[in-house]
Amino acid sequence: MKQLLTALLFTTSMTVSANNSEFTAKQLQQVDEVRTTALKSDLSYQLLESLTTEIGPRLPGTENDKKAVAWAKAKFDELGFDKVWLEEATFPEWRRYSESGKILTPSEQPLHLTALGNSISTPKEGISAPVVLFETLDELKAAPANSLKGKIAYINYRMNRDIDGNGYGPAVKARATGAIEAAKKGAVAYMMRSVSTGHHRFAHTGGSYYKEGVTKIPNVTIANPDADQIARLVALNKDVSVNINVQTENLGEGTGYNVIGQFNGTENPEQYVLIGGHLDSWDLGTGALDDGAGVALTMAAAKHISDVKRPKRSIRVVLFAAEELGLWGAKAYFAKHKNELNNIVAAAESDFGADVVYGFESNVNAASLPVVRAIAKELAPLNIEYIGQNEAKGGPDLIPFKNAVSAPIFELAQDGTDYFDYHHTADDTLDKVTPAKLRQNTAAYAVFALMAADAKTTIKPKARTKE
Ligand SMILES: [Zn+2]
């Protein structure tokens, strides 16, 4: 143990005194100071507690969404950001009013369900119909035309649990487009097993879409134990029928705001490191994990940097609007700034809960790799491994950025093993966040953002489509 400790201390002091051409010894000392401060500070937790307690759920377009925008602007001001501003974003506004369900046959019992975002209402008395089970979206697609007339199409696909959340992508296809495929076969409603690793009776909501020219049908998910129950009944060759009742409303185009705070750089203030998360959340929980944590920890990370120094380039924290309904804030941000995207020297979004960061990854040109390796070295004391494939994908709000140009994207990969137990449920609440883990995340973002903003070399993406 003593040997290990000596080794750790030795490594740390070597890092600080190393003759690194990207950073001076003084700069590395400042990185150390920022990391130490962030690891001791509860600022990110306090911000998260304030957002989730004083405001709560933040469905785009609601009163709470507007309050969250005012909250974020006030917090940026309080924290002393040099520049704080709002940028408009529009999105299709939607509300959930009530929802309930039951299994009718072979024996009556409650069915724990939730409407997917964008779902239309059922009639007031709900829809009662037989269930036809498919294991996958492809199976549903292969069903004969009109074979689901008067039926509820049900997809039983279960997502798998893994540290990097790789089970989410394959499962989410059935959430996004399942109702379209079901309606094409004549179904009166669409139901699916939640995109979930949970063992509780919370159903998971999420974004879903309709298609022009295809009948819109109500669109719900059910909790995992309820999905198991239906699968067992079907396996017993029982005729299963259910009643689903969701009351919702589509309100047309709504308006919200990206809230942005910046600490200005001292040498190249027009160039900036972009960090952030999305300010909106689903309406069921309080959006602590998704994505209050990302909002709070990136705001706090920037503040910790500013307490030590103003780096050469600016640090910009962007809190995106209406991510959950389809990345509307991100689309608006990158469209508005499309002629100056090459000012972004590094971008990372935190939107994967609040568990520890375990990996660091870049997506940059070869000339920028020495900076990346220097950052990785300073993240190592936080137990963060350098992945080193240089293939970072980044958070969801960076998708429009990647689509617009080849982008210098970074990933501080979080442990997502438990994330999909809570994601998009009523159970996404503050008690799921461990303060020490949030501090580690905050320190990681602070080290990364400071170094990317203060390096000698300006980080560039692999190849730009525009200069
Ligand atoms: Zn999110």
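Now for a description of the structure that goes with this document. Bear in mind that the values here come from a model prediction, so they are computed numbers and not experimental data. Sequence order as written defines the numbering, with residues in each chain counted from 1. Side-chain atom pairs in this predicted model are given and counted only at pLDDT of 80 or more, local residue features only at pLDDT of at least 70, and totals for whole chains, interfaces and linings cover all residues. With hydrogens and water stripped out, all remaining heavy atoms of the structure feed into the side-chain values.

## Quick look at the coordination of the zinc ion
We apply this condition: Only nitrogen, oxygen and sulfur atoms count as donors, using a 2.8 Å cut-off from the metal that widens to 3.2 Å for Na, K and Ca. Water is left out, so coordination shells may look unfilled. Irregular is the default label, applied whenever a site is not tetrahedral (four donors, all angles between 85 and 135 degrees) and neither square planar nor octahedral (four or six donors, opposite donors over 155 degrees apart, all other angles between 65 and 115). Strands are runs of DSSP state E lasting at least two residues, helices are runs of H or I lasting at least four, and both sets are numbered from the N terminus onward.
Protein ligation of the zinc ion involves H278 (NE2), D290 (OD), D351 (OD) and D351 (OD), the donor distances falling in the range 1.9 to 2.6 Å. Coordination geometry of the zinc ion: the four donor atoms subtend angles of 53 to 145 degrees at the metal centre, consistent with an arrangement described as irregular. For the zinc ion, the donor residues sit on a single chain with the sequence spacing H-x11-D-x60-D. Of the two residues, H278 is situated in strand β9 (residues 268-278) and D290 in helix α8 (residues 288-308); the sequence distance between them amounts to twelve residues.

## Some details on helix α7 (residues 224-235)
Quick reminder of the rule: Expected span of a helix: the number of residues minus one, times 1.5 Å. Any residue under 20% of the maximum accessible area for its type is buried, any over 50% is exposed, and the rest in between are partly exposed; the area is computed with a 1.4 Å probe on protein chains only. Contact criterion: two residues are considered in contact whenever any of their non-hydrogen atoms come within 4.5 Å of each other.
With twelve residues, α7 extends 16 Å between its outermost C-alpha atoms, agreeing within 8% with the 16 Å of an ideal straight helix rising 1.5 Å per residue. Among the residues of α7, those classed as buried are N224, D226, A227, I230 and L233. The elements touched by buried residues of α7 are β1 (83-105), β2 (109-110), β5 (152-155), β6 (189-193), β7 (219-222) and β8 (241-263).

## Focus on the sheet that holds strand β14 (residues 411-414)
Test applied: Criterion used throughout: strands pair if DSSP finds at least two bridges between them.
The strand order across the open sheet formed by three strands is β13-β12-β14, and the pairing between neighbours is mixed. Two strands close off the open sheet at either side, each with one partner strand: β13 (385-386) and β14. When strand β12 (residues 357-361) meets β14, the two strands line up antiparallel, connected through four bridges. Counted as the bridge partner of F360 is L412 from β14.

## Some remarks on the packing of aromatic side chains
Our working rule: Stacked, tilted and edge-to-face pairs are distinguished by plane angle, under 30 degrees for stacked and over 60 for edge-to-face with tilted covering the rest, among Phe, Tyr and Trp rings (Trp via its six-membered ring) whose centres lie within 6.5 Å. Charge-over-ring placement is defined geometrically: NZ (Lys) or CZ (Arg) within 6 Å of the ring centre, and within 35 degrees of the ring normal.
Within this structure, the stated rule accounts for 15 aromatic pairs. Ring centres of W94 and W282 lie 6.4 Å apart, and the angle between their planes is 80 degrees; on these two criteria the pair is classed as edge-to-face. Within this pair, whereas W94 is found in strand β1, its partner W282 is found in the loop between β9 and α8, the two being separated by 188 residues in sequence. There is no split in this pair, since W94 and W282 are both buried. Each residue in the set Y168, F352, Y419 and F420 is aromatic and connected to the rest through ring pairs, giving one cluster. In this arrangement the basic side chain of K83 is found over the ring face of W85, its NZ or CZ atom lying 4.4 Å from the centre. The ring of W328 is capped by K331, whose NZ or CZ atom sits 3.9 Å from the centre of that ring.

## Here's the deal with the pattern of salt bridges
Inclusion rule: By convention in these notes, a salt bridge is any Lys or Arg side-chain nitrogen within 4 Å of a carboxyl oxygen on Asp or Glu.
Counted according to the given criterion, the structure contains 22 salt bridges. Between D418 and R161 there is a salt bridge, with its nearest N and O atoms 3.4 Å apart. Here R161 lies in the loop between β5 and α6 (168-184) and D418 lies in the loop between β14 and α12 (419-422), a separation of 257 residues in the sequence. Taking relative accessible area as the criterion, D418 reaches 38% and is therefore assigned partly exposed. Under the relative-accessibility criterion, R161 is labelled partly exposed at 35%. In this structure, E391 engages K462 in a salt bridge whose closest nitrogen and oxygen atoms are separated by 3.7 Å. With E391 in the loop between β13 and α11 (399-404) and K462 in the segment after α13 (435-454), this residue pair connects regions lying 71 residues apart in the sequence. Classification of K462 as partly exposed rests on a relative accessible area of 38%.

Everything listed here is a matter of geometry and, on its own, says nothing about what the molecule does.
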